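Fold and geometry: a report
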Amino acid sequence: FVGPDYGCVVGSNVILRTTNGGDTWTPESPGSTGFLFRAVTGKSREGVWLAVGIGGVMARSLDGGIRWEVIRSGGPDLYDVQILPGSGYSYRDTHAIAVGAGGTILLKREGSDEWTSVGERVRWFRSSDLRAVHFVTRLRGYIVGSGGTILLTRDGGDRWDQLTIDGSPDFRDI
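Let us look at the structure shown here. Small disclaimer: the values here were computed from a predicted structure and weren't measured.

Once that is clear, we can look at the sheet that holds strand β7 (residues 69–72). In spatial order, the strands read β4-β5-β6-β7; together these four strands make up an open sheet with antiparallel pairing. At either margin of the open sheet sits one strand with a lone partner, and together these are β4 (37–42) and β7. Strand-to-strand twist in this sheet, taken as the mean axis angle between neighbours without regard to direction, amounts to 25°. Alignment of β4 against strand β5 (residues 49–53), held across five bridges, turns out to be antiparallel. Among the inter-strand pairings, Phe37 is bridged to a residue of β5, identified as Gly53.

Shown next as structure tokens:
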């Protein structure tokens, strides 16, 4: 949700949008069939929305979640996505991070339309499934995942440090 009334939910080949706080939901087509979406994030009622899911699928909406297009499929499953605080409202001005299976971290920087992998730069957690991402500021963010993985960035997602946790709990959300 991007306010008390406006939001989207995702699931098995479905994206639903509400404009009245969830009293009613309108199905919005992701443009293709057979996708299992796991997470959705939005910027505003009129701006960019992103959805990710199984099989590396990624979809975007440029009009507040009304019309969707699949922009990526294939690759490791993606479990979560976030548009970073302070990002612009257009897709090109959006700074976002998606995370997933096998240590996948995909970064979309402002001023670019491309998603680049930054996960291979930090090989020590490549066997971890990264389940959730959350940024508290434009530069400072966290990722959590399997095997007690907690990652911290202080530069908007280019470099990640691993935080040490006793034991090996599987973290699912942050």
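This part covers unusual backbone geometry. Positive phi outside glycine occurs at Asn13, with the angle close to 55°. Inspection of the secondary structure assignment puts Asn13 in the loop between β1 (7–11) and β2 (14–18).

Tracing the sequence through the fold places Arg154 in the loop between β14 (150–153) and β15 (161–162). Looking at Arg154, the relative accessible area reads 52%, which means it is exposed. Sequence separation between Arg154 and Gly141 is 13 residues; the distance between their C-alpha atoms is 6.8 Å. Sequence-distant contacts of Arg154, that is, excluding residues within four places in its chain, are made with Leu139, Arg140, Arg159 and Asp161.

Reading guide: rules and limits
- Residues numbered from 1 in each chain as written.
- Predicted model: local features only at pLDDT ≥ 70, side-chain atom pairs only at ≥ 80, totals over all residues.
- Heavy atoms only, no water.
- Pairing = 2+ DSSP bridges.
- Helix = DSSP H or I, 4+ residues; strand = E, 2+ residues; numbered from the N terminus.
- Axes fitted to C-alpha atoms, helices over the stretch in contact; angles between N-to-C directions.
- Buried < 20%, exposed > 50% of the residue type's maximum accessible area, 1.4 Å probe, protein only.
- Contact = heavy atoms within 4.5 Å.

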